[in-house]
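Close look at the chain arrangement
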Amino acid sequence: MSPRLKSLVLLLAVLTAAALWRAGQEAQTPASPETPPAVSQSLDAEAPTPEPEENLPGVKGRERVLVVGHRLRYTFDLDLRTHTELSTGARESLHTGWSGLFELTYLGAEGEQHLFSGHLVPTRVAVAPGETLAPGDAALQALRGMFERPVYVGQDVRGRVMAVHFDAAQDAAARRLVRLLLASTQFVAEDGPRWSTEEPDSRGDLEAVYRAGGSANTYVKTKRRYLRAGSAVLPRLQGHLDFTLFADGHVKEATGSEVVELGGAGTGLPRIREETRVALIHVGVDYLLSSLRPFDAVRATLRSERLTDSAGMEGASLEAWDRQLVKGAKLDELLRSLAKREDLDTARLRLAALFRQNLAEVDRAVALIRQGSVNAVRSEQMLEALASAGTPEAQRALVSVLEGERVRPKTRAHAARAVRQMERPSPLLGDALERVVDGTRDAGVRNAAALSMGTLSKALEVAEPGRSQALAEGLMRRCRTGTLEPEVCLDALARAGAPVGLAYVKSALVHPEAAVRGAATEALRAIPGAAVDALLDQVMLDDPSPRVRALAVKAVSQRVVSVHMEALARVLRAERSERVRIEVVRLLGQLQAVEAPAAALLRDVATNDGSSNVRALATSLLGE
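Bear in mind that the values here come from a model prediction, so they are computed numbers and not experimental data.

We now examine the overall build of the chain. When helices and strands are counted, the chain shows 23 helices and twelve strands. Split into buried and exposed, the 624 residues of the chain put 47% on the buried side. A separation of at least 24 residues holds for 63% of the contacts in the chain among residues at least 6 apart in sequence. Carbon and sulfur atoms make up 52% of the accessible area of the chain, which amounts to about 30800 Å² in all.

Here it is, written out as structure tokens:
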């Protein structure tokens, strides 16, 4: 290397070292106040703070991000205070409540449901008198012991709680506490910033309205009224809850309260006021190795309930009740009581209890039915008692009659109808009904079995959502191939209430026969979703048959009505049929307390309707 080249290389090395030293010094020296870096901010300045990712606009409902093993951890507090005004003028107050940790892990999908595993660790419990738990620390320890095993929760795609699966160790009081918590914190989502839903709670099915809050992923839920409930008179309802969601659509926080009132107001029943307060706060998230396998492994041992299920007799209590009813009687004695028509209701209860208590008498009853040794009335009574008994042996007995080729067709059809009375049917019955639909030549037996397939699909969506969906899809296949008549198909789909049938029902709305369109309209009532609401509005306004339009109004009356108010107003203005307008007026009369436009529409009808009958009805409903 020449001396000149060596000098150039040495000079370059020196300049590089100097540049590196200068860069290191700048990194260690604080920035001058006169020339602050772009990222520096005064502590007193109102600098924008970047929002965390979960505060960005997210998804909800059908678009929820569901990942197997995703576990959300919450703390919760729930308190229910019940105040009863007794006939003596005294007031009785009871308190039920609990707090703790709630972990919810996604396991996967079955049928049209998403399954979650729920682990609960109670930290506080207050149980009203009459419940099974002991007061104080003993109650807390007992409750913790019951929840050493998980509960399993089934939700539909929008977040509605469809089923809760309990371990045998979790008694009626514990199950009630879980149902109260899930009912108070469920978030049922539709598209858009504002929507109405029909959803269950521990008393019945209610109408709720949701609207977006002031911040991203916040929503306000207002519970407005009960659509259906276990009591003859619908309870009065007011509820308000605030929700915050994660960007993936899962609930982050839920807080609020509700008030339910029963009786009083001229009902002749004591006035009861229930006040519920709830708070669900997220405290963590992680992921576990999970699947549906643990649920499938214990499914047969679980007690599956809807939120609306009330505690009934079970176990030893039911056995003692059955023994007291039967009092040692045999089948022949109870059949004689039925023949004499002596206290028929008690006789039917005793027969069902006998079939739960004595398996030999189940076999005798089936033999009598299959051989035709009893008349049709006694045969039907025994089939109904087998369905009410509901035991595995009673269900197998029903199947043997249903599939008996030498059994009278009317008896087989009644066996199919008896299936609809079962509270907890098994998938075994669904297999039998499908075989009968495909194999029998008797139309009456086939139609009865098809209708029971629809009822069974609805009943199994709690304990067996996959089998429930398979039954509904099986109905659809047979309807499309013409195995079943359209009206039978539509009736069965109405019983199933399954969204899978919507396309078939929609096509039937343009059928040339009014009877078929009417059956389709009645089927729409049982299928959830905003798309169905739009179809009902269309039928109310456009169907050529007054009877079908009236059926659409009746269907609307059993759903969330707020989305139909504009269509109902148009019906009142344009409808020529007095019968249809009367149905609308009756519906508006039920809505005055929750829908502000209802009273205004009634006043307009009372003044301007062309029918004196319609005007008089509107006036009476207004109380003017």
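Here the narrative resumes.
Turning next to the pairing of strand β5 (residues 161-166). Counting buried positions along β5 gives six out of six residues, so the element sits mostly inside the fold. Bridging between strand β4 (residues 151-155) and β5 involves four bridges; their strand directions are antiparallel. Bridge assignment links G154 to a residue of β5, and that residue is A163. Pairing analysis gives three bridges linking β5 to strand β12 (residues 303-305), with the strands arranged antiparallel. From the neighbouring strand, H165 faces β12, where its bridge partner is S304.

Scored by pLDDT, the chain has a mean of 87; 88% of the residues are at 70 or more. Of all helices and strands in the chain, the one with the weakest mean pLDDT is helix α1 (residues 3-28) (46), whereas β4 scores best (97). This model gives residues 3-12 a pLDDT under 50, and the stretch forms one contact once residues within four places in sequence are excluded. Low confidence marks residues 17-54, where pLDDT is under 50. Its contacts with residues over four positions away, or in another chain, come to nine contacts.

This part takes up unusual backbone geometry. The residue N217 is not glycine, and still its phi comes out positive at about 65 degrees. Judged by its relative accessible area of 6%, N217 falls in the buried class. Its identity is not glycine, yet K327 carries a phi of approximately 50 degrees, on the positive side. Topologically, K327 is positioned in the loop between α5 (315-326) and α6 (331-340).

For the rest of this paragraph, the subject is the environment of R273. Its place among the elements puts R273 in strand β11 (residues 271-287). Judged by relative accessible area, R273 falls into the partly exposed class, the value being 24%. At 2.9 Å, the side chain of R273 forms a polar contact with the side chain of E261.

For the structure shown, the criterion picks out one disulfide. Paired through a disulfide, C479 and C489 show a sulfur-sulfur distance of 2.1 Å. Note on the C479 and C489 pair: the S-S dihedral is about -115 degrees, so by sign convention the disulfide is left-handed. You can see C479 sitting in helix α14 (residues 465-480) and its partner C489 sitting in helix α15 (residues 486-496), a full ten residues away along the chain. Given a relative accessible area of 6%, C479 falls into the buried group.

Right, let's talk about a nonpolar patch on the surface for a bit. The grouping of V65, V67 and Y287 at the surface amounts to a nonpolar patch, some 290 Å² of accessible area in total. Inspection of the secondary structure assignment puts V65 in the loop between α1 and β1 (70-85). Under the relative-accessibility criterion, V65 is labelled partly exposed at 42%.

Summed over all chains, the structure comprises 45 salt bridges. For the salt bridge of E103 with R71, the shortest nitrogen-to-oxygen distance reads 3.3 Å. With E103 in strand β2 (residues 91-110) and R71 in strand β1, the pair connects residues that are 32 residues apart, well separated along the chain. Side by side, E103 and R71 carry an identical accessibility label, which is buried. We note a salt bridge from R271 to E261, for which the minimum N-O separation is 2.7 Å. A residue pair is termed long-range when its members are at least 10 positions apart, and R271 in strand β11 and E261 in strand β10 (residues 251-262) qualify at ten residues. Residue classification places R271 among the partly exposed positions, given a relative accessible area of 28%. The class of E261 is buried, set by a relative accessible area of 15%. Salt bridges here are not isolated pairs; linked through shared partners, they connect E85, R236, E261, R271, R273 and E275.

Here we take up the packing of α6 against helix α7 (residues 344-357). α7 packs onto α6 with a crossing angle of 160 degrees between their chain directions and a minimal axis gap of 9 Å. Comparing the axis directions of α6 and α7 gives the class roughly antiparallel. Handedness of the crossing formed by α6 with α7: left-handed. Seen from α6, the contacting residues are L331, E333, L334 and L338; seen from α7, they are L344, A347, R348, R350, L351, L354 and F355. Of the residues assigned to the contact of α6 with α7, the class counts are eight nonpolar, no polar and three charged.

Rules and cut-offs
Residues numbered from 1 in each chain as written. Predicted model: local features only at pLDDT ≥ 70, side-chain atom pairs only at ≥ 80, totals over all residues. Heavy atoms only, no water. Helix = DSSP H or I, 4+ residues; strand = E, 2+ residues; numbered from the N terminus. Buried < 20%, exposed > 50% of the residue type's maximum accessible area, 1.4 Å probe, protein only. Contact = heavy atoms within 4.5 Å. Areas by Shrake-Rupley, 256 points an atom, 1.4 Å probe, with all protein chains shown as cover. Pairing = 2+ DSSP bridges. pLDDT = per-residue confidence, 0-100. Polar contact = N/O pair within 3.5 Å; in protein donor to acceptor, adjacent residues only side chain to side chain. Disulfide = S-S within 2.5 Å. Patch = residues over 30% accessible without salt bridge, like charges linked within 9 Å, V, L, I, M, F, W, Y side chains within 5 Å. Salt bridge = Lys/Arg side-chain N within 4 Å of Asp/Glu carboxyl O. Axes fitted to C-alpha atoms, helices over the stretch in contact; angles between N-to-C directions. Parallel < 35°, antiparallel > 145°, perpendicular 65-115°, else oblique. Left-handed = near helix turned anticlockwise from the far one by under 90°. Nonpolar A, V, L, I, M, F, W, Y, C, P; charged D, E, K, R; others polar.

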